[in-house]
Amino acid sequence: MRTSVLRLIRSRSPSAASPRPHLLRRPYSSESVPERKVAVLGAAGGIGQPLALLMKLNPLVSQLALYDIAGTPGVAADVGHINTRSEVAGYAGEEQLGQALEGSDVVIIPAGVPRKPGMTRDDLFNINAGIVKSLCTAIAKYCPNALVNMISNPVNSTVPIAAEVFKKAGTYDEKKLFGVTTLDVVRAKTFYAGKAKVPVEDVIVPVVGGHAGITILPLFSQAVPKANLADEDIKALTKRTQDGGTEVVEAKAGKGSATLSMAYAGALFADACLKGLNGVPDVVECSFVQSSITELPFFASKVKLGKNGVEEVFELGPMSDYEKQGLESLIPELKSSIEKGIKFANQ
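1. Digging into the overall build of the chain
Moving on, step 1. Tallying secondary structure elements over the chain gives 11 helices and 11 strands in all.
Moving on, step 2. Here the C-alpha atoms of the chain give a radius of gyration of 19 Å, agreeing with the 20 Å that 2.2 N^0.38 yields for 347 residues.
Moving on, step 3. For the C-alpha atoms alone, the extent of the chain along its principal axes is close to 55 × 50 × 40 Å.
Moving on, step 4. Out of the 347 residues in the chain, the part that is buried amounts to 54%.
Moving on, step 5. A total accessible area of about 15,300 Å² is found for the chain, and carbon and sulfur atoms account for 53% of it.
Moving on, step 6. Looking at charge distribution, the chain has the averaged site of its 38 positive side-chain charges lying 3 Å from that of its 35 negative ones.

2. Focus: the packing of helix 5 (residues 121–142) against helix 11 (residues 321–345)
Moving on, step 1. Look at helix 5 against helix 11: their axes get within 11 Å of each other, and the N-to-C directions meet at 45°. In terms of orientation, helix 5 and helix 11 fall into the oblique class. The two elements helix 5 and helix 11 cross, and the hand of that crossing is right-handed. Of the residues in helix 11, those touching helix 5 at Asp 122, Phe 125, Ala 129, Gly 130 and Lys 133 are Lys 340, Gly 341, Phe 344 and Ala 345.
Moving on, step 2. Tallied by class, residues from the contact of helix 5 with helix 11 come to four nonpolar, two polar and three charged.

3. Examining helix 6 (residues 155–169)
An α-helical turn contains 3.6 residues, so any two residues separated by three or four positions project in the same direction.
Moving on, step 1. With 15 residues, helix 6 extends 21 Å from end C-alpha to end C-alpha; this agrees with the ideal 21 Å at 1.5 Å per step.
Moving on, step 2. Along helix 6, the residues that are buried comprise Val 155, Asn 156, Ser 157, Thr 158, Val 159, Pro 160, Ile 161, Ala 162, Ala 163, Glu 164, Val 165 and Phe 166.
Moving on, step 3. Elements that come into contact with the buried residues of helix 6 comprise helix 5, strand 5 (147–150), strand 6 (177–179), strand 9 (283–290), strand 10 (298–306) and helix 11.
Moving on, step 4. Positive backbone phi, approximately 75°, marks Gly 170, located one or two places after helix 6.

4. Considering the packing of helix 7 (residues 182–196) against helix 10 (residues 259–277)
Axes are the key here: two packed helices are described by the angle between their axes and the distance separating the axes.
Moving on, step 1. Two elements in contact, helix 7 and helix 10, have axes whose closest approach is 8 Å; the angle formed by their N-to-C orientations is 110°. Classified by the angle their axes make, helix 7 and helix 10 are roughly perpendicular. The interaxial crossing formed by helix 7 with helix 10 has right-handed handedness. Side by side, helix 7 and helix 10 meet where Thr 182, Leu 183, Val 186 and Arg 187 of the first sit next to Ser 261, Met 262, Tyr 264, Ala 265, Leu 268 and Phe 269 of the second.
Moving on, step 2. Its residues placed into classes, the contact of helix 7 with helix 10 shows seven nonpolar, two polar and one charged.

5. Observations concerning the pattern of salt bridges
Moving on, step 1. Here the structure, examined in full by the defined rule, presents 11 salt bridges.
Moving on, step 2. One salt bridge in this structure joins Glu 35 and Arg 85, with 3.5 Å as the shortest N-O distance. With Glu 35 in the loop between helix 1 (2–11) and strand 1 (37–41) and Arg 85 in the loop between helix 3 (72–79) and strand 3 (87–92), the pair connects residues that are 50 residues apart, well separated along the chain.
Moving on, step 3. Arg 85 sits in the partly exposed class, given a relative accessible area of 23%.
Moving on, step 4. Note that Lys 340 and Asp 122 form a salt bridge whose closest N and O atoms lie 2.7 Å from each other. Separated by 218 residues along the polypeptide, Lys 340 in helix 11 and Asp 122 in helix 5 bring together distant segments of the chain.
Moving on, step 5. Since its relative accessible area comes to 29%, Lys 340 is described here as partly exposed.
Moving on, step 6. By relative accessible area, which is 45% here, Asp 122 ends up partly exposed.
Moving on, step 7. Connected through salt bridges with shared partners, the residues Asp 282, Lys 304 and Glu 311 form a single ionic network.

6. Brief notes about helix 3
Moving on, step 1. Listing the buried residues of helix 3 in full gives Thr 72, Val 75, Ala 76 and Val 79. The arc that holds every buried residue of helix 3, seen down its axis, measures 100°, which confines them to one face.
Moving on, step 2. Looking at the buried positions of helix 3, the neighbouring elements they touch are helix 2 (48–56), strand 2 (63–68) and strand 3.

What counts and what doesn't
All chains use their own residue numbering, which begins from 1 and follows the written sequence. A pLDDT threshold of at least 70 governs which residues receive local features in this predicted model, and a stricter bar of 80 or more applies before side-chain atom pairs are shown or counted, although totals over entire chains, interfaces and linings include all residues. For side-chain calculations, the full set of non-hydrogen atoms in the structure is used, while hydrogens and water are omitted. Here a helix means four or more residues in a row that DSSP labels H or I, a strand means two or more in a row labelled E, and each is numbered from the N terminus. We take the radius of gyration over the C-alpha atoms and set the globule estimate at 2.2 Å times the residue count to the 0.38 power. Throughout, exposure labels follow a simple rule: accessible area from a 1.4 Å probe, protein chains only, divided by the maximum for the residue type, with under 20% read as buried, over 50% as exposed, and the rest as partly exposed. All accessibility values rest on the Shrake-Rupley procedure with a 1.4 Å probe; residue burial counts only the protein chains present in the view. We treat Lys and Arg as the positive residues and Asp and Glu as the negative residues; His and chain ends play no part in the count. Charged groups are reduced to one reference atom each: NZ for lysine, CZ for arginine, CG for aspartic acid, CD for glutamic acid. Inter-axis angles, ranging from 0 to 180 degrees, are taken between N-to-C directions of lines fitted to C-alpha atoms, where helices are fitted over the stretch in contact. Any angle that is under 35 degrees is reported as roughly parallel, and any over 145 degrees as roughly antiparallel; angles of 65 to 115 degrees are reported as roughly perpendicular and all others as oblique. The crossing is said to be left-handed when, going from far helix to near helix, the turn is anticlockwise and less than a right angle, and right-handed when the turn is clockwise. Residue contacts are defined here by distance: any two heavy atoms, one from each residue, within 4.5 Å place the two residues in contact. In this count, Pro and Cys sit with the nonpolar residues alongside Ala, Val, Leu, Ile, Met, Phe, Trp and Tyr, while Asp, Glu, Lys and Arg are called charged and the others, Gly among them, polar. Multiplying one less than the number of residues by 1.5 Å gives the expected span of a helix. Any carboxyl oxygen of Asp or Glu that lies within 4 Å of a side-chain nitrogen of Lys or Arg is treated as forming a salt bridge with it. Working definition: the arc comes from the directions between the helix axis and the C-beta atoms, pointing outward to the latter.

Next comes the structure, spelled out in structure tokens:
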């Protein structure tokens with residue numbers, strides 16, 4: 001069982017654009033794969049620990065730097081015993097942040113507090129915005145060319161905060177900043193497959209917009225394989241995808257948020273970034289990036305990943321009337337979240 005799980009993680013990163021037959025993949029050897037350093041900021045937390053484990057299993061990673069304000073030497077010692085390619089180092093406290101970041105190709109940020117029952121994304125913002133701002137200030141200084149994968153919520157505001165920090169530092173490259181919305185895609189695929197009674201590994205569902213509540217817009221009209229679901233089923237699937245985080249927070253009853261599925265989604269997106277950097281063709285995932293496909297400066301849609309990060313931001317494509325209505329409804333809320341992040345960063 002253990003071997004098959006490892007093989008699955010190594011060989012598959014389900015794309016937002018195309019299913020990839022993992023049986024056709026050649027096993028990687030470290031000789032043929034470039035050296036890549038990945039840093040996880042917030043690696044001792046609820047998302048950070050399982051994410052560190054999943055990145056340790058990724059054969060594209062040669063160096064894994066685990067950073068948090070405390071607790072990371074223990075996580076690094078534990079994960080470091082796993083017999084896979086990457087060398088692991090743990091860094092704790094602000095004075096070691098620069099060391100953790102230096103030479104990083106990809107920086108993943110799950111740092112901050114998780115959602116608890118009754119907490120709004122505004123409550124999250126008040127704590128996490130400052131954490132993201134200081135981490136991004138360090139990224140601008142120590143690894144300005146890294147691809148930055150933002151997981152810390154609210155992503156609709158933390159990505160604009162990061163962009164403003166990088167602009168001030170003179171290091172901003174819109175092709176290298178990503179809001180990780182992969183969990184929305186993962187949920188949409190799972191829920192759609194269950195309702196349509198199709199194998200989940202064959203499912204593709206683009207999810208666009210943002211990464212909170214009604215700003216999450218799954219485009220089930222574009223789902224593959226096609227299933228003629230009733231309108232009320234599509235509405236229920238959309239709502240469940242939008243409320244997926246709340247579903248887990250309530251089920252955990254005050255004991256945590258969607259940490260494991262988020263770590264999985266974060267590892268999938270980081271894997272896609274690494275493949276893009278390594279020149280693997282046609283790597284497409286949904287992500288919240290700087291964009292001109294709507295009136296908003298940032299928007300999640302399908303993105304092609306390459307050697308410099310974003311190679312192409314794809315248009316939304318044909319949508320149903322219900323989805324067009326959803327798009328119209330989400331714009332004001334997403335706009336306000338983006339503006340809130342920009343305002344905070346410039347205070």
